[in-house]
Amino acid sequence: LSGRQVADRLAIRELVDAYAYCADRRDAGGQMALFTEDTDFQVYMDAGSPTPTQASRGRAALAPVFDELNVYEATMHFNGQSTTVIDGDHAAGVAYCLAHHVKAEGSERSLMVAAIRYLDTYVKDRGVWYFSQRKLVVDWTETRPLSAE
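Sequence order as written defines the numbering, with residues in each chain counted from 1. Thresholds applied to this predicted model are a pLDDT of at least 70 for local features of residues and 80 or more for the giving and counting of side-chain atom pairs; totals over whole chains, interfaces and linings are not thresholded and use all residues. The basis for every side-chain value is the complete set of heavy atoms in the structure, and neither hydrogens nor water enter the calculation.

Novice: In this structure, what is going on with unusual backbone geometry? I would like to understand it.
Specialist: Of all residues except glycine, most have a negative phi; of all peptide bonds, most are trans. Despite not being glycine, Arg-26 shows a phi value in the positive range, around 60°. For helices the rule is a DSSP run of H or I covering at least 4 residues; for strands it is a run of E covering at least 2, with both sets numbered from the N terminus onward. Mapped onto the fold, Arg-26 is located in the loop between α1 (3-25) and α2 (28-32). Exposure categories follow from relative accessible area, calculated using a 1.4 Å probe and restricted to protein chains: below 20% of the type maximum is buried, above 50% is exposed, and the middle band is partly exposed. Residue classification places Arg-26 among the partly exposed positions, given a relative accessible area of 26%.

Here it is as structure tokens:
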């Protein structure tokens, strides 16, 4: 790989990680800034369905999507393997994530873990990589009670 290719791969990985970090810190503004103005964001709660459960067009439309995380007491997104194919200032990739969501309802707490695949397209604008499309595909979830300890 050339130095530029290595730098681009690192920048894209940092973009993916910044998305998870901003989600866990509830930094919706920071999260939105990772996307192009005309971005396409789709959520597939059923990985087998060709139709998204939720679709948003444009960076401004992402605010209510990211606001949905506020129903959780805490989240922690663990990014795993990823693949990226770069073609100049455009790229496509798949990133895997285990997203942990802690919910509190009264004195009861639960943990929902979601296995997520992000199907991404990226664009480099003035030397900075952004998401131009992100498809969040939930492959499976598990919910269990959390002890008070």
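Right, picking up where we left off after that structure.
Novice: So what exactly am I meant to see when it comes to the packing of aromatic side chains here?
Specialist: Centre distance and the angle of the planes are the two values used to describe a pair of aromatic rings. Here the aromatic set is Phe, Tyr and Trp, taking the six-membered ring for Trp, and pairing holds for ring centres within 6.5 Å; pairs whose planes are under 30 degrees apart are stacked, those over 60 apart are edge-to-face, and all others are tilted. Counted under the stated rule, the structure contains nine aromatic pairs. With centroids separated by 6.0 Å and ring planes inclined at 80°, the aromatic side chains of Tyr-19 and Phe-66 adopt a geometry described as edge-to-face. In this pair, Tyr-19 is assigned in helix α1 and Phe-66 in helix α3 (residues 62-67), connecting sequence segments 47 residues apart. By the burial criterion, Tyr-19 is buried, and Phe-66 matches it. Taking the centre distance of 5.8 Å and the plane angle of 85° together, the rings of Phe-41 and Phe-66 count as edge-to-face. Highlighted residues: Phe-41 in strand β1 (residues 35-44) and Phe-66 in helix α3, separated in sequence by 25 residues. Of the two residues, Phe-41 and Phe-66, neither departs from the other in class, the shared state being buried. Three or more aromatic residues link up through ring pairs in this structure, and these residues are Tyr-19, Phe-35, Phe-41, Phe-66, Tyr-118, Tyr-122 and Phe-131. Look at NZ for Lys and CZ for Arg. If either is within 6 Å of the ring centre and within 35 degrees of the ring normal, a charge sits over the ring. Its end group placed over the ring of Tyr-21, Arg-25 keeps NZ or CZ at 6.0 Å from the ring centre. Geometry around Tyr-19 places Arg-134 over its ring, the cationic atom sitting 4.4 Å from the centre.

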